[in-house]
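So you can see what is in the structure, the chains are spelled out below.
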Amino acid sequence: MKLGDVVRISLACILLGSTCWAGNPVPKPWPLQFHALLFENFTSDGNSRLSILDLWYDWVNGRNYNIIQNQLGQKIWDAEWTNGTSFKFDLEQKTCTRFSVPVGILRPDFLSDARYFGVETVDTFTCNVWEKADFMTYYEDVETQRPLGWLFYTGRFEHVITFEEGAVLSDPYWQAPSYCFDDKVELQGEYVREHGAFL
Ligand SMILES: *[C@@H]1O[C@H](CO)[C@@H](O)[C@H](O)[C@H]1NC(C)=O
Ligand SMILES: *[C@@H]1O[C@H](CO)[C@@H](O)[C@H](O)[C@H]1NC(C)=O
């Protein structure tokens, strides 16, 4: 390689950013709005519990929903707002918990500093794999660059079944029920938000 080539490559790398040096793939940022249907397998203490989740990510409006149907169990509505307030409620039992998570919801580029792990086959798909700060392992389909799934460090594996870019859940669904506001106090502290942002 001639000196001129080195200078040219170095310059290109500076313009493209640091990932150029390592030559590793980077995860595609999340679309600003999408709906994903997720199949969750939560394994802890040797037991696995299954759920189906509707994930409505809406960065534009500063909100994120996880509507969680546990197998033959409760349906939990988990609405997270970017101002830090989270509501987790059960419409049948009329119970609600209000949390404060100051960090808000995940940024679309929250994986930009994730560490590349290589290629793995997951659910029969060839995926690029990254690890995000001991928080999650993230799998992206090599062919389409769609998220294939992620594994939270708590043992929750989210398998992406459908992924609709640009889909938005209409406003009325986001309104938390009145009993969410009965208690004046918001729970603070070490609550780790497993389905959205994190501490
Ligand atoms: C859930 O995960 C456990 C542990 O990895 C595995 O043994 C089990 O087969 C999985 N169940 C389903 C339905 O994927
Ligand atoms: C954050 O936004 C939600 C939805 O608009 C609202 O219900 C909640 O009170 C807000 N929280 C704070 C701390 O302002």
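Scroll up to find the structure.
Residues numbered from 1 in each chain as written. Chains lettered and ligands numbered in written order. Predicted model: local features only at pLDDT ≥ 70, side-chain atom pairs only at ≥ 80, totals over all residues. Heavy atoms only, no water.

A. Looking closely at the overall build of the protein. Helix and strand counts for the protein stand at 2 helices and 11 strands. Traced from its N-terminal end to its C-terminal end, the protein shows the element sequence α-α-β-β-β-β-β-β-β-β-β-β-β. When each of the 199 residues of the protein is scored for burial, the buried share is 43%. A fraction of 46% describes how many contacts in the protein between residues 6 or more apart in sequence connect residues 24 or more apart. When the accessible surface of the protein is summed, it comes to about 11400 Å², and 56% of that surface belongs to carbon and sulfur atoms. (Helix = DSSP H or I, 4+ residues; strand = E, 2+ residues; numbered from the N terminus. Buried < 20%, exposed > 50% of the residue type's maximum accessible area, 1.4 Å probe, protein only. Contact = heavy atoms within 4.5 Å. Areas by Shrake-Rupley, 256 points an atom, 1.4 Å probe, with all protein chains shown as cover.)

B. The site of ligand 1, seen in detail. The local shell around ligand 1 consists of Phe39, Asn41, Thr43, Ser48 and Leu50. Between an oxygen atom of ligand 1 and a side-chain N or O atom of Asn41, the distance comes to 2.3 Å. For ligand 1, whose free accessible area comes to 360 Å², the fraction covered by protein is 36%. No other element matches strand 1 (residues 33-44), which puts 3 residues into the shell around ligand 1. (Near = heavy atom within 4 Å. Polar contact = N/O pair within 3.5 Å; in protein donor to acceptor, adjacent residues only side chain to side chain.)

C. Structural view of the site of ligand 2. Contacts to ligand 2 come from Trp81, Asn83, Thr85 and Phe87. The separation between a nitrogen atom of ligand 2 and a polar side-chain atom of Thr85 is 2.8 Å. Starting from 360 Å² of accessible surface for ligand 2 in isolation, the protein chains cover 49%. Classifying every residue of the shell around ligand 2 by side-chain character gives 2 nonpolar, 2 polar and no charged. (Nonpolar A, V, L, I, M, F, W, Y, C, P; charged D, E, K, R; others polar.)

D. Region of the structure containing the environment of Ile68. Tracing the backbone through its elements, the reader meets Ile68 in strand 3 (residues 63-70). Each C-alpha atom, one on Ile68 and one on Ser51, is 6.6 Å from the other, the two residues being 17 residues apart in sequence.

E. Seen up close, the state of the cysteines. Applying the stated rule across the entire model yields 1 disulfide. The partner cysteine of Cys96 in its disulfide is Cys180, sulfur to sulfur 2.1 Å. Here Cys96 and Cys180 share a disulfide; its torsion about the S-S bond, 105°, makes the bridge right-handed. Residue Cys96 is located in strand 6 (residues 95-100), and its partner Cys180 is located in the segment after strand 11 (156-165); the two are separated by 84 residues in the primary sequence. On the basis of relative accessibility, which here comes to 25%, the residue Cys96 falls in the partly exposed class. (Disulfide = S-S within 2.5 Å.)

F. Here's a closer look at the pattern of salt bridges. With the rule as written, the count across this model stands at 6 salt bridges. Residue Glu40 is joined to Arg156 by a salt bridge in which the shortest nitrogen-to-oxygen separation is 3.0 Å. Linking Glu40 in strand 1 with Arg156 in strand 11, this pair joins segments that are 116 residues apart in sequence. Accessibility expressed as a relative area gives 15% for Arg156, which makes it buried. Two residues, Arg115 and Glu131, come together in a salt bridge whose shortest N-O distance is 3.9 Å. Of this pair, Arg115 sits in strand 7 (residues 115-122) while Glu131 sits in strand 8 (residues 125-132), placing them 16 residues apart in sequence. One network of salt bridges, with partners in common, ties together Asp58, Arg63 and Asp171. (Salt bridge = Lys/Arg side-chain N within 4 Å of Asp/Glu carboxyl O.)

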